[in-house]
Amino acid sequence: MSETLANLSSESRQFPPPEALAAAANVKAEAYEEAAADRLAFWARQAERLTWSKSWDQVLDWSNPPFAKWFVGGELNVAYNCVDRHVEAGHGDKVAIHWEGEPGDTRTITYAELLKLVSQAANTLTDLGVGAGDRVAIYLPMIPEAAVAMLACARVGATHSVVFGGFSVSALSTRIQDADAKLVITADGGYRRGKPSALKPTVDEAVAQCPSIENVLVVRRTGQDVAWTDKDKWWHETVEQASPEHKAQPFDAEHPLFILYTSGTTGKPKGILHTTGGYLTQVSYTHNAVFDLKPETDVYWCTADIGWVTGHSYIVYGPLSNGATQVMYEGTPDTPGRDRFWQIVDKYKVSILYTAPTLIRTMMKWGDDIPAGYDLSSLRVLGSVGEPINPEAWMWYRENIGRNRTPIVDTWWQTETGGVMISPLPGVTATKPGSAMTALPGITADVVDDQAQSVPNGGGGFLVLRDPWPSMLRTIWGDDKRFIDTYWSRFGAGAGTGDEWIYFAGDGAKKDEDGALWLLGRVDDVMLVSGHNISTTEVESALVSHPSVAESAVVGATDPTTGQAIVAFVIPRGNVDTEGDAGEQLNVELRNHVAKTLGPIAKPRQIMLVPELPKTRSGKIMRRLLKDVAENRSLGDVTTLQDSAVMDLISKGMNTGK
Ligand code: WT7
């Protein structure tokens, strides 16, 4: 982006919080002023939510930026805070996890049972020679053992590196090697789309390339045949036989809790390092504030996989530190039918649902009648995370799932930020469909131009974070230089802007006339059309606002006259006729619709109607690939695509000019 981002769309709909929810909300409007008056005192108060073995001497040490230390000198045990203390407080019989397997098998795990499992697993880790400072790779399906394994690592001070169960041998082995892990915790397999899907063969191949691995701990989930090596130990023959007594030792507030790899657009994956006290403080606070969690009565469900940061912060550490009762689901949303999510909400009376825009748009495509068949009256707060949520998808979520009653919290954050940074508060904020609204109390977010100058309301530019926050990444594992280059050099000290260190998030954003924040997608995706910077998100949202469109992806393709031209890939809603002339007509109508909504500058040069879009395993649209298609280049590596057949279809459509 050379200039500021154009601010094309506007939104006038606004939804104040329901009165009863506002009156009883955990966090009220005063929190913003309290945090602004003394940010560090505010975070110190939030840290008191946790049980510390030793209190801190200093809230924040920022004497060596951008390397932050939070709660300096403090000591605590994360697993104790997530499990033991709830049992000690008399909540041992409270359900921690209602687990639902994909084939329909279930497990109910109370806090007392969780304590037993985590203690047994911690004893097993010790028996296997894993202790404080060691790294453990976790490669598991969405089964309770995934949470148990993470907590057991935290309990003994081992740093876990969870690798998403859908990743390949090379993804797993490079992550094991980069972290120099000693142990892998895996399973024979898990259930996906109605079938057992093996994990162990991938681990066997990866471990063969990873001499650092001494042992492999294997959970039996599917019962499928597995090859066996002398490094392998069954979970049920070790953990389940181990002593249930384990005393958690406190660790320093800056002890490394976990590494989680994120793949950037270029280069090898970055091992994002999170530590103990600040991380747990922020995920605990935000989980309580953003979802208005009432641990006594709420049933919370986050549909993410444990392999992503959302699963770390808002399935494991946030909810469990708050003593929540939650649902954990193993499988896909369309197994055995497309109503599985609503069946689960109805069955467990889920009151807080946290999911992703990609899923919401998929549900839109599947049709309103599916959720309409279920009693969703238990829901009282809905959350969204992972991508900008288009205003129409937001409205669909509100009307069809929230039945026009429940607030929606659109939460912006990243693997790097550890916890939610920008979000409405459900009892405070009058929300606008598609906006993440404002930074949470204690967080300083801004939108700046090329020169790091704050843009006025109505302007667009780069999203930045101005002050350090407790759950910020501490570095990239083993690569401090890359940490500085990636996040702190664009606008940081030394970049010509004085002493201030500014975190560059890599997202485009705008401030509307009221100062509310709108996320506009990754800066790398911004299009430059006839000298105007246009966000892919705004054009996508304009397309989704047409009643015939369920989902769209927009890219800028090289164009001889305009520099870049807008090319859109559109998935029509289920009931829309796209055969022959109807398709041609819809195409023209959609191009005109965008021009009318956003202005002629944003009119797509070309629209392609497609059945699917290429997405990463975490549900993000792969715009880079679509750009290649739009420019008729070769497709390159598509191994992380959910379905590479989609790309074939899309290319064919392109070649025939459709
Ligand atoms: C990137 C971070 C945060 C956990 C899951 C993704 C995009 C995330 C939103 C949102 C607009 C969002 C950003 C961000 N993103 N949430 N509510 N609105 N964009 O974690 O894989 O580290 O991805 O996801 O582009 O930078 P991640």
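Please read these numbers as outputs of a predicted model, since none were measured by experiment.

A. Focus on the overall build of the chain. A tally of helices and strands in the chain yields 20 helices and 30 strands. For the chain, the C-alpha radius of gyration of 24 Å lies close to 26 Å, the compact-globule estimate for 658 residues. Each of the three principal axes of the chain carries a C-alpha extent, and together these read 70 × 60 × 50 Å. Going through the 658 residues of the chain one by one, you find that 55% of them count as buried. Taking the contacts inside the chain whose residues are at least 6 apart along the sequence as the reference set, 70% of them involve residues at least 24 apart.

B. Focus on the sheet that holds strand 22 (residues 460-465). One open sheet accounts for four strands, arranged 21-22-24-25; its pairing is antiparallel. Of all strands in the sheet, those bounded by a partner on one side alone are strand 21 (445-448) and strand 25 (517-522). When strand polarity is set aside, the average angle formed by the axes of neighbouring strands in this sheet is 45°. Summarising the sheet, strand 21 and strand 22 pair through four bridges and their orientation is antiparallel. Bridge pairing links Val447 to Leu463 in strand 22.

C. How the structure looks around the site of the ligand. Taken together, 21 residues lie near the ligand, and Pro388, Trp412, Gln414, Thr415 and Leu519 sit nearest. Of all the secondary-structure elements, those providing two or more residues to the shell around the ligand are helix 11 (309-321), strand 20 (408-411), strand 24 (503-511) and strand 25. The element best represented in the shell around the ligand is strand 24, accounting for three residues. Among the residues making up the shell around the ligand, the classes are represented as nine nonpolar, eight polar and four charged.

D. Fine view of the UniProt feature "domain: AMP-binding enzyme C-terminal" (unreviewed entry) in the chain. UniProt annotation of "domain: AMP-binding enzyme C-terminal" (unreviewed entry) refers to residues 538-620 when read in the numbering used here. Between the C-alpha atoms that bound residues 538-620 there is a distance of 16 Å. The span itself is 31% helix and 30% strand.

E. Spatial organisation of the pairing of strand 15 (residues 270-275). In terms of burial, strand 15 is largely enclosed, as six of its six residues are buried. Bridge analysis of strand 14 (residues 256-262) against strand 15 gives six bridges, and the strand direction is antiparallel. Following the sheet pairing, Ile259 is matched in strand 15 by Leu273.

F. Region of the structure containing the sheet that holds strand 11 (residues 215-219). Read across the sheet, eight strands follow the order 12-11-8-6-7-14-15-23 without closing on themselves; strand pairing throughout is mixed. Bordering the open sheet on either side are strand 12 (232-234) and strand 23 (475-476), each of which pairs with just one other strand. Across three bridges, the pairing between strand 11 and strand 12 is parallel. Residue Val218 lies in a different strand from strand 12, and its bridge partner there is Trp234.

G. Layout of the environment of Trp235. Within the secondary structure, Trp235 sits in helix 9 (residues 235-238). Note on Trp235: 22 C-beta atoms within 10 Å, which makes it buried. Taking the C-alpha atoms as reference points, Trp235 and Asp225, separated by 10 residues in sequence, lie 15 Å from one another. Every residue in contact with Trp235, bar those within four places of it in the chain, is listed here: Glu145, Leu217, Val218, Val219, Arg220 and Glu240.

H. Looking closely at the packing of helix 5 (residues 111-127) against helix 6 (residues 144-156). Two numbers describe how helix 5 lies on helix 6: the axes approach to 8 Å, and their chain directions differ by 60°. By the angle between their axes, helix 5 is oblique relative to helix 6. Relative to helix 6, the crossing made by helix 5 is right-handed. Here Leu117, Val118, Ala121, Ala122, Leu125 and Thr126 of helix 5 come into contact with helix 6, specifically with Val148, Ala149, Leu151, Ala152, Cys153, Arg155 and Val156. Of the residues that constitute the contact of helix 5 with helix 6, the class distribution is 11 nonpolar, one polar and one charged.

I. Up close: the packing of helix 7 (residues 169-179) against helix 8 (residues 200-208). Where helix 7 contacts helix 8, the two axes come as close as 9 Å, and the packing angle between them is 50°. The pairing of helix 7 with helix 8 is recorded here as oblique in orientation. Crossing hand, helix 7 versus helix 8: right-handed. Here Val169, Leu172, Ser173 and Ile176 of helix 7 lie close against helix 8, whose contacting residues are Thr202, Val203, Glu205 and Ala206.

J. Representation of the environment of Ile272. Mapped onto the elements, Ile272 comes out in strand 15. For Ile272 and Glu88, which are 184 residues apart along the polypeptide, the C-alpha to C-alpha distance reads 33 Å. Setting aside chain neighbours within four positions, we find Ile272 in contact with Ile259, Leu260, Thr262, Thr415, Glu416, Leu473 and Ile476.

K. Examining the environment of Thr262 more closely. By secondary structure assignment, the location of Thr262 is in strand 14. Here Thr262 falls in the partly exposed class, since 16 other C-beta atoms lie within 10 Å of it. Distance from Thr262 to Glu551, taken between C-alpha atoms, is 25 Å for residues 289 residues apart in sequence. Beyond its immediate sequence surroundings of up to four residues, Thr262 is in contact with Pro269, Lys270, Ile272 and Thr415.

L. Examining the nonpolar core more closely. Counting residues in each nonpolar core, the largest one holds 206 residues, and the members touching the most others are Val118, Ile138, Val184 and Val570. In terms of residue count, helix 6 provides more of this core than any other element does, 10 residues in total. Those residues in contact with Val184, other than ones at most four positions away along the chain, are Ala137, Tyr139, Ile176, Val203, Val207, Ile213 and Val216.

M. Region of the structure containing unusual backbone geometry. Cis geometry marks the peptide bond from Pro65 to Pro66, where omega comes out at 5°. For Pro66, the position within the fold is in the loop between strand 1 (58-61) and strand 2 (69-72). For the peptide bond that leads from Thr335 to Pro336, omega is -5°, which places it in the cis range. Position of Pro336 among the secondary structure elements: in the loop between strand 17 (325-329) and helix 12 (340-348).

N. Local environment of the pairing of strand 25. Strand 25 sits mainly inside the fold: five of its six residues count as buried. Relative to strand 25, strand 24 is paired through four bridges, and the arrangement is antiparallel. Along strand 25, the bridge assignment pairs Asp507 with Arg522. Where strand 24 hands over to strand 25, the hairpin turn is made up of five residues, of which Gly515 adopts a positive phi near 85°.

O. Representation of the confidence of the model for the chain in the model. Scored by pLDDT, the chain has a mean of 94; 95% of the residues are at 70 or more. Per-residue pLDDT, averaged within each element of the chain, yields its smallest value for helix 20 (residues 644-655) (63) and its largest for helix 10 (residues 277-290) (99). Overall fold confidence (pTM) sits at 0.94, and the ipTM for the predicted complex is 0.99.

The rules behind these values
- Residues numbered from 1 in each chain as written.
- Predicted model: local features only at pLDDT ≥ 70, side-chain atom pairs only at ≥ 80, totals over all residues.
- Helix = DSSP H or I, 4+ residues; strand = E, 2+ residues; numbered from the N terminus.
- Rg over C-alpha atoms; globule rule 2.2 N^0.38 Å.
- Buried ≥ 20, exposed ≤ 12 C-beta atoms within 10 Å, placed from the backbone.
- Contact = placed C-beta atoms within 7 Å.
- Pairing = 2+ DSSP bridges.
- Axes fitted to C-alpha atoms, helices over the stretch in contact; angles between N-to-C directions.
- Near = placed C-beta within 6 Å.
- Nonpolar A, V, L, I, M, F, W, Y, C, P; charged D, E, K, R; others polar.
- UniProt positions renumbered as here; feature names shortened; annotations may be inferred.
- Parallel < 35°, antiparallel > 145°, perpendicular 65-115°, else oblique.
- Left-handed = near helix turned anticlockwise from the far one by under 90°.
- Core = buried A, V, L, I, M, F, W, Y, C linked by C-beta atoms within 7 Å.
- pLDDT = per-residue confidence, 0-100.

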